[in-house]
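Observations on the three-dimensional arrangement
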Amino acid sequence: MTTGSITTTIATASLQHAGNLVCGIGWLALFDARHHDPLVPRANAAQHKWRRMLREEKAVTRSTINYVARGGARMRYFANDSSRDTVVLDARPMDIDDAVAGQAGLDREGFALVPHRSAVVDFADSAQVADVHPQEIADLITQITGADLVVVNGTGVRRFAERSAQSGALDNSRPARFAHVDVSDSTAAQFSARSLPEGRPAPRRAAHYNVWRALSAAPQDVPLALCDSRSVSPEDLLPADAIFDRDGVEVWSFEGLVVAHSPAHRWHWFRDLGRDEVIVFKTHDSDPARAHCVPHVAFDDPDCAANTPPRASIEMRAIAYWF
């Protein structure tokens, strides 16, 4: 392989559950097309027309962000049995700005909305997802970051809003209801080293990315809020233990970060997502000149009707390397 060529590697390491844990003219066409999604029943056409008008007119949504309290003991949270969590919540009403595609950047705010059409027909088919989706995500991250190597860990985590019968029925399938960052700096360094293929030199930069796709049709009742990385201070990020459990047994754990409130935080969200677009956001970047990490959390959209179908989504995780 010639020097400087881009290589993409798919890893199927045990990191598959890690974490509870551009756009231009083409985007305009996608924005218009997604409001005519054939998956959206025509009976809901009036509601979706109203939601589109709301998107155009309402720049800020007020909702509750579940932070954690400062000053207590180190917290623990579990992927499946949340009754064992020791997280102490500090719920705060916050303004959440409607993010606009193309106006947020991975290296500035730490997140972006990116058009991406997957060849996966049925995301409930785990075999199909495993065969197709990791390579798609590796190609996407390579394209939008220019990385020399991208390693995708696992085959995705599907999550469902609490009103869904599938929420909690699958491994690690509930929405994350407190603000967090999947990995601490020390965990990110360990994962970067563990996922680097043998024989590769030490990278000059490594960055961890989440790729979040809504599988349910718009609107999403429990969307994802993302905090502008530039508004976050180190003292807002509290080390905690992320524990992966099955049937009451602690399988493995690592250090993540939970987030304490600051009035400086600037929260954003992308309203009414379609299946052919993804939110890409960072959970770590070793380059101090770029956005470092993005706290994120599921929240309730106060403008959603009570009978809105519960949100379903899939997350993929990737590590990008530059040599």
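Residues numbered from 1 in each chain as written. Predicted model: local features only at pLDDT ≥ 70, side-chain atom pairs only at ≥ 80, totals over all residues. Heavy atoms only, no water.

**Observations concerning the overall build of the chain**
Assigned secondary structure in the chain consists of 4 helices and 15 strands. Classification of the 323 residues of the chain by burial places 54% in the buried group. (Helix = DSSP H or I, 4+ residues; strand = E, 2+ residues; numbered from the N terminus. Buried < 20%, exposed > 50% of the residue type's maximum accessible area, 1.4 Å probe, protein only.)

**What about the packing of aromatic side chains?**
Per the stated rule, a full pass over the model turns up 10 aromatic pairs. Ring geometry for Phe111 versus Phe270: centroids 6.2 Å apart, planes at 80 degrees, classification edge-to-face. In this pair, Phe111 is assigned in strand S5 (residues 111-115) and Phe270 in the loop between strand S12 (267-269) and strand S13 (277-285), connecting sequence segments 159 residues apart. Neither Phe111 nor Phe270 differs from the other in exposure class; each is buried. Measuring from centroid to centroid gives 6.3 Å for Tyr321 and Phe323, while their planes differ by 10 degrees, and the two rings are stacked. The class of Tyr321 is buried, set by a relative accessible area of 0%. (Phe/Tyr/Trp six-rings, centres within 6.5 Å; stacked < 30°, edge-to-face > 60°.)

**Quick word on the confidence of the model for the chain**
Across the chain, the average pLDDT comes to 86, with 81% of residues at 70 or higher. The low-confidence segment residues 1-45 (pLDDT under 50) makes 105 contacts with residues lying over four places distant or belonging to another chain. (pLDDT = per-residue confidence, 0-100. Contact = heavy atoms within 4.5 Å.)

**Observations concerning helix H4 (residues 185-195)**
Listed as buried for H4 are Thr187, Ala188, Phe191, Ser192 and Ser195. With its buried residues spanning 135 degrees around the axis, H4 presents them on a single face. Looking at the packing, one finds that the buried side of H4 touches strand S6 (149-160), strand S8 (205-214), strand S11 (249-259), S13 and strand S15 (312-322). (Arc of directions from axis to C-beta.)

**Some thoughts on the pattern of salt bridges**
Scanning all chains against the criterion turns up 27 salt bridges. The residue Glu250 makes a salt bridge to Arg84 at a minimum N-O spacing of 3.0 Å. You can see Glu250 sitting in strand S11 and its partner Arg84 sitting in the loop between strand S3 (75-78) and strand S4 (89-98), a full 166 residues away along the chain. The class of Arg84 is partly exposed, set by a relative accessible area of 29%. Residue Arg205 is joined to Asp285 by a salt bridge in which the shortest nitrogen-to-oxygen separation is 2.7 Å. Of this pair, Arg205 sits in strand S8 while Asp285 sits in strand S13, and the two are 80 residues apart along the sequence. Overlapping salt bridges bring together Asp107, Arg205, Lys282, Asp285, Asp287 and Arg290 as one network. (Salt bridge = Lys/Arg side-chain N within 4 Å of Asp/Glu carboxyl O.)

**Focus: the environment of Thr86**
Here Thr86 is to be found in the loop between S3 and S4. A polar atom in the side chain of Thr86 sits 2.7 Å from the backbone nitrogen of Arg76. (Polar contact = N/O pair within 3.5 Å; in protein donor to acceptor, adjacent residues only side chain to side chain.)

**Details of the environment of Asp131**
Along the polypeptide, Asp131 turns up in helix H3 (residues 126-145). Taking C-alpha positions, Asp131 is 8.7 Å from Thr155, a pair spaced 24 residues apart along the chain.

**What about empty space enclosed by the protein?**
Roughly 90 Å³ of volume is contained in the second largest cavity. In terms of lining residues, the second largest cavity is bounded by 16 residues, among which Arg159, Ala176, Leu224, His296 and Glu315 are the most central. When contributions to the lining of the second largest cavity are tallied by element, the ones reaching two or more residues are S8, strand S14 (296-298) and S15. At 3 residues, S14 tops the list of elements feeding residues into the lining of the second largest cavity. When grouped by side-chain class, the residues that make up the lining of the second largest cavity number 7 nonpolar, 4 polar and 5 charged. (1 Å grid on protein atoms, 1.4 Å probe; cavity = no way out; pocket = protein on both sides within 12 Å on 5 of 7 lines; lining within 4 Å. Points joined across faces, edges and corners; volume = space filled by probe spheres on them. Nonpolar A, V, L, I, M, F, W, Y, C, P; charged D, E, K, R; others polar.)

**Concerning unusual backbone geometry**
With an omega of 0 degrees, the peptide bond between Ala218 and Pro219 qualifies as cis. If you trace the backbone, Pro219 turns up in the loop between S8 and strand S9 (224-227). The backbone phi angle of Asp272 is positive, close to 55 degrees, even though this residue is not glycine. Structurally, Asp272 is set in the loop between S12 and S13.

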